[in-house]
Amino acid sequence: DVKVTQSSRYLVKRTGEKVFLECVQDMDHENMFWYRQDPGLGLRLIYFSYDVKMKEKGDIPEGYSVSREKKERFSLILESASTNQTSMYLCASSFSSSVVSGYTFGSGTRLTVV
Amino acid sequence: AQSVTQLDSQVPVFEEAPVELRCNYSSSVSVYLFWYVQYPNQGLQLLLKYLSGSTLVKGINGFEAEFNKSQTSFHLRKPSVHISDTAEYFCAVSGGSNYKLTFGKGTLLTVNP
C-alpha cells in the first residue's frame, strides 16, 4: 500500500523553539506539499517542492521554511515557533506531470505551541 | 487563477437520508475536479474525481458527483447516508497549473441516528 508518512501524530513545543516536521513518501512522486488546516479556513498551502532541492512558496509561507534533500523526504521547519502556528499540518505528494491521479495525503501532525 | 466555494460549512442529516454537498468553482481554463474526505484525526483521502467525459462521476462508499459546466458546479451526493459517513468533505480544483490543487474550506457532514 502506497504511503505518505508523517513522523509525529501529536507534538507539543514551546514558543521560540525550532520545530521540524518530517514527511516521507514511498511512491517516487516528484511533487510534495505542506498544508496547514484550521477550522473554518480549510487547507492552506505553505510550501511545495517539485524536485529535489527545489521549492516554491505557497499562500502562507511566513514563519516557515522547507528542505528537500532527497526525493522521498520533505521537511517543514518552524524557525521560531509561535502560538499562532498551533494547527494541524498535512503533507501530500503527487506525480509532476499531471494532477489527474490527485494527491496522496499523510495522516497529519497536530502541533500545539505553548 | 482558480477558486472553490463550498456553500455549506456544516450539513447535519439523519441516517438513511439523502445528502448533497455543494461546490462551486471558478477558473478561466478547463478544470479537473476532486472530492476528498477526511475522517476524524486522519488525513484526506480521494473520494472521486472528474477529468473529462461523462459528467456523472461515481466514487467510493456510494458517493457520486455531477459536473455542471454551465453552472460551474460539482456537487457531491449520496442517496442514503450512514453514521460512518460522518466526516469533513473537501472539494478541490486544478486548472491552469497542471500539478496544483486549490481546496475549498470544507463541509462537515454529521449523520445522526
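Coordinates for the structure precede this section.
In short, a report on the structure. Computed from a predicted structure; not experimentally measured.

## Description of the sheet that holds strand β1 (residues 4-6) of chain A
Residue and element names in this part refer to chain A.
Then comes step 1: With antiparallel pairing, 4 strands are arranged side by side in an open sheet as β1-β3-β8-β7. Each having just a single partner strand, β1 and β7 (64-70) make up the two edges of the open sheet. Put simply, the sheet's adjacent strands are angled 20 degrees from each other on average, direction ignored.
Then comes step 2: Note: β7 against strand β8 (residues 73-78), 5 bridges, orientation antiparallel. Note that in β8 the partner of Ser67 across the bridge is Ser75.

## What to know about the environment of Glu15(B)
Residue and element names in this part refer to chain B.
Then comes step 1: One can find Glu15 in the loop between β2 (10-14) and β3 (19-21).
Then comes step 2: A sequence separation of 68 residues divides Glu15 from Ile83, and the C-alpha atoms of the two residues are 6.2 Å apart.
Then comes step 3: Filtering out sequence-adjacent residues up to four positions away, Glu15 remains in contact with Val81, His82, Ile83, Val111, Asn112 and Pro113.

## Focus on unusual backbone geometry
Then comes step 1: Backbone geometry places Asp28(A), a non-glycine residue, at a positive phi of 60 degrees.
Then comes step 2: You can see Asp28(A) is positioned in the loop between β3 (19-25) and β4 (31-38).

## Re the nonpolar core
Then comes step 1: Among the nonpolar cores identified, the biggest contains 28 residues, and Leu33(B), Trp35(B), Leu47(B), Leu48(B), Phe74(B), Leu76(B) and Tyr89(B) are the most heavily contacted of them.
Then comes step 2: Once residues within four sequence positions are removed from consideration, Leu76(B) is found in contact with Val19(B), Glu20(B), Leu21(B), Trp35(B), Leu47(B), Leu48(B), Phe63(B), Glu64(B), Ala65(B) and Tyr89(B).

## Side note on the interface of chain B and chain A
Then comes step 1: Of the residues lining the interface, 21 residues belong to chain B; the matching set on chain A comes to 28 residues.
Then comes step 2: With both chains or domains summed, chain B and chain A bury close to 1,800 Å², and 56% of this area falls on carbon and sulfur atoms.
Then comes step 3: The tally of links between chain B and chain A comes to 0 salt bridges.
Then comes step 4: Linking chain B to chain A there are 4 residue pairs in polar contact (both at pLDDT 80 or more).
Then comes step 5: Among the secondary structure elements, those contributing two or more residues to the side of chain B that touches chain A are β5 (31-38), β6 (44-50) and β10 (87-95) of chain B.
Then comes step 6: A per-element tally of the side of chain B that touches chain A places β5(B) first, with 4 residues.
Then comes step 7: For the side of chain B that touches chain A, the per-class residue count stands at 10 nonpolar, 7 polar and 4 charged.

Thresholds, definitions, all that
Residues numbered from 1 in each chain as written. Chains lettered and ligands numbered in written order. Predicted model: local features only at pLDDT ≥ 70, side-chain atom pairs only at ≥ 80, totals over all residues. Heavy atoms only, no water. Pairing = 2+ DSSP bridges. Helix = DSSP H or I, 4+ residues; strand = E, 2+ residues; numbered from the N terminus. Axes fitted to C-alpha atoms, helices over the stretch in contact; angles between N-to-C directions. Contact = heavy atoms within 4.5 Å. Core = buried A, V, L, I, M, F, W, Y, C linked by side-chain atoms within 4.5 Å. Buried < 20%, exposed > 50% of the residue type's maximum accessible area, 1.4 Å probe, protein only. Buried area = accessible area lost by both parts, 1.4 Å probe. Salt bridge = Lys/Arg side-chain N within 4 Å of Asp/Glu carboxyl O. Polar contact = N/O pair within 3.5 Å; in protein donor to acceptor, adjacent residues only side chain to side chain. Nonpolar A, V, L, I, M, F, W, Y, C, P; charged D, E, K, R; others polar.

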